[in-house]
Structures are given as structure tokens and as C-alpha cells.
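# Survey of secondary and tertiary structure
Take a look at the letters that make up each chain.
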Amino acid sequence: MANKVLSEVFSLAGKNIMITGGSSGLGAHFGKLMASAGAPSVVLAARRAEKLEHVASSISTKFPECKVVCVSLDVTSRDSIKNAFDSAEAELGGEKINVLVNNAGIANPKLSMEVEEPDWDGLLNTNLKGAFFVSQEACRRLIAAKQPGQVINIASILGLRVGTSQVNYGVAKAGLLHMSKTMAAELSRYNIRVNSICPGYFETEMNFDFFQTEPGKAYLKRIPPKRLGQMEELNGPLLLLASNASSFMTGTEVVVDLGHINATL
């Protein structure tokens, strides 16, 4: 790698990338980023077909050289997961997904004494169970085809530090980080790498309303960054993990939070 120019080291040539939760927010941004960085194909996967098509159209218009595929995916259903990969491979002429970005997720902030069983099950089924079985499906297909690949799990600093009213979300993200490490240890023999990104607070449709309120503005004043992250500030870490520039990285997490979790207690 030492003799390669940076453009080759960070190249996405030959990368068929699937992004779950690709219909909005970070997922939509990631799709555009991968296309702009030269990925030959990007598969956007989510439940909301109309929104997926809108994102796909915006990517194809700007980056016509990138093949953009939309597939219906409910990460809480194993049948849906299998069908999504079947559909993606069919659209890609039988080629495998060799970079998976597990981004699908929901939030449901509640104090621990207010969480009901549906709150717990619904969030963990999407944010943890779903991410595991999507990863498993992708990796099983790569192993069968004897091909290398990468899994990038979008975790959170809430998987590393405690946040009030986030017990189920924090548990899911902490579990996702441990899942990543376990899978990384087991899959390295197949040349499949598994890493995570732990973003701080970034503005998305999931949290936009809260940070427009007085409590939300007051919270931003208290934390070290003093602001929300901009989506573009995740570009470097994601491209690092999606490319062969991270060829000696697996089972680790990249924290992107401008020092938020370094706040004194």
C-alpha cells in the first residue's frame, strides 16, 4: 500500500455498497457520498419505497456513472432481509454486496421507569437484532462466494457512555458494538472486516424537532462541541472504513463527536 497514491488507497472501485435506512437522513447522505467517491453501485434499502426512489433519482442525476438500486427491506423480518439481498444481486447481475452499511435505526427516548415492553422490543428488534441478521445474510453470501468484504455498523456514543432517557437505545448500540467485535473476530479468517462508527449528535429528521426547542438548545450549550455535527463530517470515517485504506482495521469503533464523550462527569 505504501507505493499507492491516496486516490487508489481510498478507492471504492469494485465496491457494491448496500446502505440500510437509505431513504432519509444519514442513509441518504451516505448513498450520495459513496456515489460521489466512485462506487460503481449503491443499493439503497428501506421500507419507504417512494422516499427511496426520490433519493435514488437525486443520486443518479448527479452521478450517472453509479448504478443505484432500490430494494424493499424491513430489517425486523428475516424473509425481507433475504429477499432484499436476492433482489440486489439480481439487479447487479449476480454480483455480491461486499460493503454493508448498517444504518437503519429508530429512537424512542423515555426514562427507564417509563419504558414498556413494546418500546423495548420495537427498538432492539430494529437497531440490534435487525443489524445482526442483515450482517449475517451479507457475510454468509460472501463466505459462500469466497469473496472479501466489509461491514460498517453505525453505532453511537450512547453505546459508550450513558445518556438519560436512552436506556433501550443505549443498550442496542452497546450491543451493536460488542456484536461488531465478535463478528470481526470470527470472520477475519474469511477476509471480512467488521467495524463501527460512533457518531455524536448529528442533525437528522429523527432529532431535528428536539434541537429546535429550548431544552435542546440548552443541551447543546452544555456539551463540549457546542453544536450538532454536520453530515459531511462523517464522510472521512465512512470512506476510510469502506475502502481498503482500513485494510488493517477490524473490530474497532471510530468515534466522531468532537470530544463529546470526553466531557467531565
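You'll find the structure just up there.
First, a word on scope: everything that follows refers to the structure included in this document. Owing to the predicted nature of the structure, the values given are computational and were not obtained by experimental measurement.

## Some details on helix 3 (residues 49-62)
- For helix 3, spanning 14 residues, the distance from its first C-alpha to its last is 20 Å, which sits close to the expected 20 Å at 1.5 Å a residue.
- Along helix 3, the residues that are buried comprise L52, V55, A56 and I59. Axial view of helix 3: buried residues confined to an arc of 100°, hence all on one face. Turned more than 90 degrees off the buried face of helix 3, the exposed positions are E50, H54 and T61.
- Structurally, helix 3 contributes buried residues whose contacts are with helix 2 (25-36), strand 2 (41-46) and strand 3 (67-72).

## Considering the packing of helix 5 (residues 117-145) against helix 6 (residues 167-187)
- At a closest axis distance of 9 Å, the pairing of helix 5 and helix 6 adopts a crossing angle of 15°. Here helix 5 is positioned roughly parallel relative to helix 6, judged by the angle of their axes. You can see that helix 5 and helix 6 cross each other, and the crossing is right-handed. Together, D119, W120, L123, L124, N127, L128, A131, F132, S135, Q136, C139 and I143 of helix 5 and V167, N168, Y169, V171, A172, K173, G175, L176, M179, M183 and L187 of helix 6 make up the contact between the two elements.
- When its residues are assigned to classes, the contact of helix 5 with helix 6 shows 16 nonpolar, 5 polar and 2 charged.

## A closer look at the packing of helix 2 against helix 3
- Close contact between helix 2 and helix 3 brings their axes to 10 Å; oriented N to C, the two are set at 25°. Our classification of the angle between helix 2 and helix 3 gives roughly parallel. Taken as a pair, helix 2 and helix 3 cross one another with a handedness that is right-handed. For the pair helix 2 and helix 3, contact is made by A28, G31, K32 and A35 and by V55, S58 and I59, respectively.
- Within the contact of helix 2 with helix 3, the residues separate by chemical class into 4 nonpolar, 2 polar and 1 charged.

## What about unusual backbone geometry?
- The backbone of S165 shows a phi angle near 65°, a positive value even though the residue is not glycine.
- Within the element layout of this structure, S165 appears in the loop between strand 5 (149-154) and helix 6.
- Judged by its relative accessible area of 25%, S165 is partly exposed.
- In this structure, N191 is a non-glycine residue whose phi angle is positive, near 60°.
- The residue N191 is located in the loop between helix 6 and strand 6 (192-199) in this model.

## A closer look at the pairing of strand 5
- Taken across its 6 residues, strand 5 has 6 buried, putting it largely inside the fold.
- Here strand 5 shows no split at all, with G149, V151 and N153 on one side and Q150, I152 and I154 on the other all buried.
- Of the strand pairs in this sheet, strand 4 (residues 99-102) and strand 5 are connected by 4 bridges, and their pairing is parallel. The partner of L100 across the bridge, within strand 5, is V151.

## A few points about the sheet that holds strand 5
- Spatially, 3-2-1-4-5-6-7 is the arrangement adopted by the 7 strands of the open sheet, whose pairing is parallel. Strands with a single pairing partner mark the edges of an open sheet, and in this sheet they are strand 3 and strand 7 (253-256). The sheet shows a mean angle of 15° between the axes of neighbouring strands, direction not considered.
- Direction of pairing for strand 5 relative to strand 6: parallel, over a ladder of 6 bridges. By the bridge assignment, G149 is partnered in strand 6 with I192.
- Along the sheet, helix 3 makes contact with strand 2 and strand 3, crossing strand 3 at roughly 175°.
- Taken strand by strand, helix 6 contacts strand 5, strand 6 and strand 7, and its axis lies near 160° from that of strand 6.

Calculation rules
- Residues numbered from 1 in each chain as written.
- Predicted model: local features only at pLDDT ≥ 70, side-chain atom pairs only at ≥ 80, totals over all residues.
- Heavy atoms only, no water.
- Helix = DSSP H or I, 4+ residues; strand = E, 2+ residues; numbered from the N terminus.
- Expected span 1.5 Å × (residues − 1).
- Buried < 20%, exposed > 50% of the residue type's maximum accessible area, 1.4 Å probe, protein only.
- Arc of directions from axis to C-beta.
- Contact = heavy atoms within 4.5 Å.
- Axes fitted to C-alpha atoms, helices over the stretch in contact; angles between N-to-C directions.
- Parallel < 35°, antiparallel > 145°, perpendicular 65-115°, else oblique.
- Left-handed = near helix turned anticlockwise from the far one by under 90°.
- Nonpolar A, V, L, I, M, F, W, Y, C, P; charged D, E, K, R; others polar.
- Pairing = 2+ DSSP bridges.

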